[in-house]
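# Commentary on secondary and tertiary structure
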2 protein chains.
Amino acid sequence: METIKAYGAQSATADLDQLSIDRRDVLATDVKIDILYCGVCHSDIHTARSEWGPAKYPVVPGHEIIGRVTATGESVTKFKEGDLVGVGCMVDSCQTCDSCKEGLEQYCENGATFTYGSEDKHIGGHTFGGYSEGVVVDEKFVLSVPENLDTEKVAPLLCAGITTWSPLRHWNVKKGDKVGVIGLGGLGHMGIKFAHAMGCHVVMITRSPGKADDAAALGADEVLISTSEEDMQKHANSFDFLLNTIPVRHDLNPYITLMKRDTTMALVGAIEPLDSMHAGLIVSKRKNIAGSMIGGIKETQEMLDFCGEHNVVSDVEMIDMQNINDAWDRVVKADVKYRFVIDMKSLKEA
Amino acid sequence: METIKAYGAQSATADLDQLSIDRRDVLATDVKIDILYCGVCHSDIHTARSEWGPAKYPVVPGHEIIGRVTATGESVTKFKEGDLVGVGCMVDSCQTCDSCKEGLEQYCENGATFTYGSEDKHIGGHTFGGYSEGVVVDEKFVLSVPENLDTEKVAPLLCAGITTWSPLRHWNVKKGDKVGVIGLGGLGHMGIKFAHAMGCHVVMITRSPGKADDAAALGADEVLISTSEEDMQKHANSFDFLLNTIPVRHDLNPYITLMKRDTTMALVGAIEPLDSMHAGLIVSKRKNIAGSMIGGIKETQEMLDFCGEHNVVSDVEMIDMQNINDAWDRVVKADVKYRFVIDMKSLKEA
């Protein structure tokens, strides 16, 4: 085991600070990665502050990891030293349940090993994420990253990207479909980019008229201001698919009225109780309200390949590791377009 | 126009009483039906009492109609005098929208003509339902009823039956699937019968342990008492499909925990606001909450044909027309196993 530098929280109320962690030795199927960039996800904050239940401290967050391979285990076949790779929200799963066999490791019935805060089944202890110099991950959970993209802008694809890509694919969104993306943050901005790249007619749905120009720049064909009765009426019963990225409790009913018969609204942001839903709204046109969580490894690779072909990346604001606490404050205020990415050089050279 | 006897309400607070209504003349594509039996649906009560918005009085309810053809219009090809036929919740639709073209007239985008209380587009005025001696209906909305079934027990298939059949078919419930039917009333008892006849492993889900024997008699393989922590734990994440027939506001969350990944719970009972749903429960296993309303004419005929082959009918309690007000009181108290059916002889001979 090697001791490396990382940034993490020692308690729910502590600021993130530099600390030393053990990185596991490279096992036969492992890939050792030197981290170049790591995206900042709101989940990092929820976890480190124990807002989703008591965390295991120290918490080293980060599950939007981009780096280069520096070593590989003896059985590794997919990667070699120097490869540009990514690691997302998971680093392991049982590989035997139906979900794993279908390539949906995020729904592993025995519980996936998440990139930080999960039990490390290989060496004990718990997993440490990407706010760190490096990481060692089983090759099955390592993604190949196209070299032609702006590397630092790829990091958020590993969580914000796949979380929006997976439902668009799962519900067979296709060219010409009218797709609504509700909420313009880290997830929403990727939803717009993907739906646009898939050839959809993309409508950004937001309460804030001020977001119209940004939405258009990201690829939205129209902006629907959800507080406008007239706008809502005009778009009633017209959408083929809604991607709902609102991260907090809200009222689904106005959005349900926008859906065509037999279509789906997929929730990818909120994981808390919602306001009362009116059953009549889904009964009267056989509508579906669904949830979707991240995405599997196979589809994450498909997404990265698609991004390479279509030159899709995230809009990011680069930060140094030392500025993480300020960045977190801004994430909480939704004050970022649209994702912070940590340049890990700042940690290594500290 | 012919004047015939019917039973109806003259206002939201009036008891049902005998009245005379006009039955439209037989148009070219119409079928004239002598009503033998009519089922009593809770919708009849909601409508007549203006609980779903102001009704057009007089209201003659009834949309579970069984009768014999006594005359046909000159263009009618599907039916002849003497045929045993049924009429359900709809008697017309635009026939031109996508929903109509797909055989889903219940979702007609220009508004289906419902069997009672809708505008009659042929002769003006509003439609009168099956609490009546007879009815005249366009042949496209008349169903052929297998002669081998107990005729009076067929009536509830036209609403309670198709309302549960349609979602079971739409979501591809198949032999061997573990299907949960939530709530044991008019809808729930048909859900059990259909799922059983389709070869599913049927679990009746109820808060009332007292319903176990009845559920087993209807074809349930197991009964899950939803107030039992142990039962709920045992069946967690195990259902391939849930048919939710609860007719009033309730909490979906306990039922969502019963669903496998990627499965659907279809709501067919409640058409009002529900308790707060926890988004995390549907996100974490990509679950779907959907609604479904009645069924189209094509699938209603398929259901009746299936019932003829598998000898599936409703469990009913026969009443005379004159006892309708008592019957309604009992429907409101859920005191019927499982559907009242009016023997229309009682009206004709009055």
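All values reported here derive from a predicted model rather than from experimental measurement.

The subject of this paragraph is the nonpolar core. What tends to happen in soluble globular proteins is that the nonpolar side chains get buried as a cluster. Ranked by internal contacts, the top residues of the largest apolar core, which has 241 residues, are A:Y131, A:F194, A:I289, B:Y131, B:F194 and B:I289. For B:I289, the residues in contact, after removing those within four places along its chain, are A:M277, A:I282, A:K287, A:N288, A:I289, B:L252, B:I256, B:M259, B:M265, B:L267, B:M277 and B:I282.

Moving on, we come to unusual backbone geometry. In the segment running from A:Y57 into A:P58, the intervening peptide bond is cis, with an omega of -5°. That bond from B:K337 to B:Y338 is cis: its omega, -15°, falls within 30 degrees of zero. Despite not being glycine, B:S50 shows a phi value in the positive range, around 55°. Topologically, B:S50 is positioned in the loop between α1 (42-48) and β4 (65-72). What makes B:S50 partly exposed here is its relative accessible area of 22%. In this structure, B:I294 takes a positive phi of about 45° despite not being glycine.

Further remarks concern the domain arrangement of chain A. Residue and element names in this part refer to chain A. With domains assigned, chain A is organised as domain 1 (2-158 + 295-348) and domain 2 (161-291). The partner domain 2 presents 17 residues to the 19 residues of domain 1 that form the contact. Buried area between domain 1 and domain 2, both sides added, is near 1,500 Å², and the carbon and sulfur share of it is 63%. On the domain 1 side of the interface with domain 2, the three residues burying the most area are M303, F306 and Y338, jointly 38% of the side's total. Where domain 1 touches domain 2, the interface holds two salt bridges.

Turning next to the interface of chain B and chain A. With 37 residues of chain B at the contact, the number on the chain A side is 37 residues. Applying the counting rule to chain B against chain A returns two salt bridges. Residues B:R261 and A:E102 are paired through a salt bridge, measuring 3.2 Å at the closest nitrogen-oxygen approach. Our count for the chain B to chain A interface comes out at 17 residue pairs in polar contact (both at pLDDT 80 or more). Contributing elements (two or more residues each) for the side of chain B that touches chain A: α2 (98-101), α3 (160-170), β14 (259-267), α8 (279-283) and β15 (288-291) of chain B. Partitioning the side of chain B that touches chain A into residue classes produces 17 nonpolar, ten polar and ten charged. Where strand β15 (residues 288-291) of chain A lies against β15(B), three bridges are found, and the strand directions are antiparallel.

Now for the packing of aromatic side chains. Residue and element names in this part refer to chain A. Tallying each qualifying case throughout the model produces eight aromatic pairs over all chains. Note on W165 and F194: the rings are 5.2 Å apart at their centroids and 70° apart in plane angle, and the pair reads as edge-to-face. Taken together, the residues span a long stretch of sequence, with W165 in helix α3 (residues 160-170) and F194 in helix α4 (residues 186-197) at a distance of 29 residues. Residue W165 is classed as buried on the basis of its relative accessible area of 1%. Its guanidinium or amino end placed over the ring of F239, K178 lies 4.5 Å from that ring's centre, counting from NZ or CZ.

Here is what the cut-offs are and how they apply
Residues numbered from 1 in each chain as written. Chains lettered and ligands numbered in written order. Predicted model: local features only at pLDDT ≥ 70, side-chain atom pairs only at ≥ 80, totals over all residues. Heavy atoms only, no water. Core = buried A, V, L, I, M, F, W, Y, C linked by side-chain atoms within 4.5 Å. Buried < 20%, exposed > 50% of the residue type's maximum accessible area, 1.4 Å probe, protein only. Contact = heavy atoms within 4.5 Å. Helix = DSSP H or I, 4+ residues; strand = E, 2+ residues; numbered from the N terminus. Domains from an automatic or database assignment. Buried area = accessible area lost by both parts, 1.4 Å probe. Salt bridge = Lys/Arg side-chain N within 4 Å of Asp/Glu carboxyl O. Polar contact = N/O pair within 3.5 Å; in protein donor to acceptor, adjacent residues only side chain to side chain. Nonpolar A, V, L, I, M, F, W, Y, C, P; charged D, E, K, R; others polar. Pairing = 2+ DSSP bridges. Phe/Tyr/Trp six-rings, centres within 6.5 Å; stacked < 30°, edge-to-face > 60°. Lys NZ or Arg CZ within 6 Å of the ring centre and 35° of its normal.

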